[in-house]
Amino acid sequence: MRRDSPSGGILVLGEIRSGRLHPAALELTAKARLLADDMGAEVSTLLLFSEIDVKPETLIGYGADSVICVRDRRLGLFDQEVQSRILYRIIRDTRPGIVLAPATTSGRSIMPAVAAKLRTGLTADCTGLDIDPETKQLLQTRPAIGGNIMATIRTPEHRPQMATVRPRTFAIPASDPNRAGSVKELTLPDHCFESRVVPLGLERSDGDDVNIQDRDVVVSGGKGMKKQENFVLLRDLAELLDGGVGASRAAVDNKWIPYSHQVGLSGKVVAPKVYFAVGISGTVQHLAGMQTSGMIVAINKDPEAPIFKVADIGLCGDLFDIVPRLIEVLRGRKGV
Ligand SMILES: Cc1cc2nc3c(=O)[nH]c(=O)nc-3n(C[C@H](O)[C@H](O)[C@H](O)COP(=O)(O)OP(=O)(O)OC[C@H]3O[C@@H](n4cnc5c(N)ncnc54)[C@H](O)[C@@H]3O)c2cc1C
């Protein structure tokens, strides 16, 4: 759509996975609230689902002025064609100025299809969003050129301005129980749910059993781990701390651990309370996935390793000496 089409508030696409509201819906609604306050605009959050584990009005406490619900049994299994068609239709009818979605697998597949149909731009994988105080345009910031620079992108000519945002980029504030808003249930005609795809079911892929993004402690290993068998050390340490195991891309590329454990620019973004970087040098691409962690503990034998610049605790030495000693101390404390 050209910019001169009437455009208004911010529309957030909230994700529901297997009947559970993804935390990114709260995160993006809260961020949209801050942006909307800078623009003097309203926030609507769109939920497409067959079942949901929370009341849709929950989103109001996080900043939505209205929650638009499409509840239909045909939305139980993710279908890109159907969800894109519904999002397109709602954008066409409500004419938001900005549309935000999480940069999850589904957000990353729906948003490009809708942006292409609307003939507008899309900035994928943003790690920062702001409103230009003068033009009121959305400033969409994301890593570029292999993560070596941060690029700020605008969509000056077309509307809506569309962006996907990496989950866990922004903090989720506490809910405000006093906020007021409305919940609208939409019933859509049958043809909206037609699809060339027949979803048969949902299966987890190997290694996806542990979602490291949900853990309070993540113990990640890099090329310094030397071989796959040595990851048992990290699994032992993680287990004692009730944490998950992450990895650098070098470890994943060496097939020491599945991709679902990769942390960084082309992997997952994690923000646990404690992040262990073991035998990881700390390139910008790795930091992009963990630098907002509460506390960073780096174990590296190279005192010049860049990871020490972001570490709260740096242990300089051989990991094959340090990690077994940490495990021993923790086992001693736990009496196991
Ligand atoms: C577009 C793009 C996207 C990328 N995405 C990602 C990403 O998502 N995640 C990611 O991690 N990388 C990513 N990378 C790759 C990144 O640039 C680095 O190559 C990678 O992070 C390096 O992994 P590493 O730190 O494990 O290995 P290295 O850089 O080789 O570091 C190994 C470290 O182990 C230490 N070490 C070795 N032996 C020991 C020992 N015995 N005891 C203690 N320390 C030891 C060394 O001192 C060294 O610091 C990306 C690159 C590009 C171009």
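Residues numbered from 1 in each chain as written. Predicted model: local features only at pLDDT ≥ 70, side-chain atom pairs only at ≥ 80, totals over all residues. Heavy atoms only, no water.

### Points about the site of the ligand
Quick reminder of the rule: Any residue with at least one heavy atom within 4 Å of a molecule or strand is counted as near it. For the purposes of these results, a polar contact is taken to be a pair of N or O atoms within 3.5 Å, where, inside protein, one atom must be able to donate a hydrogen and its partner to accept one; residues adjacent in sequence count only when each atom of the pair is a side-chain atom. Per-residue and other accessible areas were derived by the Shrake-Rupley procedure at a 1.4 Å probe size, with only the shown protein chains allowed to occlude residues. Helix and strand labels come from DSSP, where a helix needs a run of H or I of at least four residues and a strand needs a run of E of at least two; each type is numbered from the N terminus. Each residue gets one of three labels, nonpolar for Ala, Val, Leu, Ile, Met, Phe, Trp, Tyr, Cys and Pro, charged for Asp, Glu, Lys and Arg, and polar for the others, Gly among them.
Every one of the 27 residues lining the ligand counts as a neighbour, but Lys223, Ser248, Ser266, Ser281 and Asn300 are closest to it. Within the backbone of Gly279, one N or O atom sits 3.0 Å away from an oxygen atom of the ligand. At a separation of 3.1 Å, a nitrogen atom of the ligand approaches a polar backbone atom of Lys301. For the ligand, the protein covers 77% of the area, taking 980 Å² as the surface of the free molecule. Secondary-structure elements contributing two or more residues to the shell around the ligand are α6 (249–253), α7 (284–287) and α9 (319–334). Looking at the shell around the ligand, its residues break down into 6 nonpolar, 15 polar and 6 charged.

### Brief notes about the sheet that holds strand β1 (residues 10–14)
Paired through backbone hydrogen bonds, the strands of a sheet run either parallel or antiparallel to each other. Selection criterion: Strands pair, by our definition, only if DSSP identifies at least two bridges between them. Only C-alpha atoms enter the line fits that serve as axes; for helices the fit covers just the stretch in contact. Angles between N-to-C directions range over 0 to 180 degrees. Residues count as neighbours in contact if any of their non-hydrogen atoms are within 4.5 Å of one another.
Across the sheet, which stays open at both edges, the 7 strands sit in the order β7-β11-β6-β1-β4-β5-β12 with parallel pairing between neighbours. The strands lining the two open edges of the sheet, one partner per strand, are β7 (122–126) and β12 (182–186). Averaged over all pairs of adjacent strands, the angle between their axes in this sheet comes to 20 degrees, without regard to strand direction. Along the sheet, helix α1 (residues 23–39) contacts β1, β4 (43–49), β6 (98–102) and β11 (161–165); its crossing angle with β1, the most-contacted strand, is approximately 175 degrees.

### Description of the pairing of β4
Note the threshold: Burial classes: relative accessible area under 20% of the type maximum marks a residue as buried, over 50% as exposed, and values in between as partly exposed (1.4 Å probe, protein chains only).
Taken across its 7 residues, β4 has 7 buried, putting it largely inside the fold. Residues Val43, Thr45, Leu47 and Phe49 of β4 are buried on one face, and the alternating residues Ser44, Leu46 and Leu48, pointing to the opposite face, are buried as well. Where β1 meets β4, 5 bridges bridge the pair, whose relative direction is parallel. If you follow Val12 over to β4, its bridge partner there is Thr45. Pairing of β4 with strand β5 (residues 66–71), which is carried by 6 bridges, proceeds in the parallel orientation. Residue Leu48 lies in a different strand from β5, and its bridge partner there is Val70.

### Quick word on the layout of surface pockets
Where we set the bar: Both cavities and pockets are sets of points on a 1 Å grid over the protein atoms alone; in a cavity a 1.4 Å probe fits but cannot get out, in a pocket the set is open with protein on both sides within 12 Å along at least five of seven lines, and lining residues sit with an atom within 4 Å of a point. Grid points are joined across faces, edges and corners, and a volume is the space filled by probe spheres set on the points.
Size it by volume and the second largest pocket reaches roughly 300 Å³. Taken together, 17 residues line the second largest pocket, and the ones lying closest to its centre are Thr127, Met150, Leu287, Ala288 and Gln291. For the lining of the second largest pocket, the residue count by class is 9 nonpolar, 6 polar and 2 charged.

### So, the packing of helix α3 (residues 80–94) against helix α4 (residues 105–118)
The cut-off we apply is this: Any angle that is under 35 degrees is reported as roughly parallel, and any over 145 degrees as roughly antiparallel; angles of 65 to 115 degrees are reported as roughly perpendicular and all others as oblique. Crossing chirality is assigned from the near helix's rotation relative to the far helix, an anticlockwise turn below a right angle marking it left-handed and a clockwise turn marking it right-handed.
Where α3 meets α4, the axes come as close as 9 Å, and the angle between the chain directions of the two elements is 45 degrees. On the basis of the axis angle, α3 is oblique to α4. The hand of the α3/α4 crossing is right-handed. Residue-level inspection shows Gln80, Gln83, Ser84, Leu87, Tyr88 and Ile91 of α3 in contact with α4, the latter providing Ser109, Ile110, Met111, Ala113, Val114, Lys117 and Leu118. By residue class, the composition of the contact of α3 with α4 is 8 nonpolar, 4 polar and 1 charged.

Interpretation in functional terms is not warranted from these geometric data alone.
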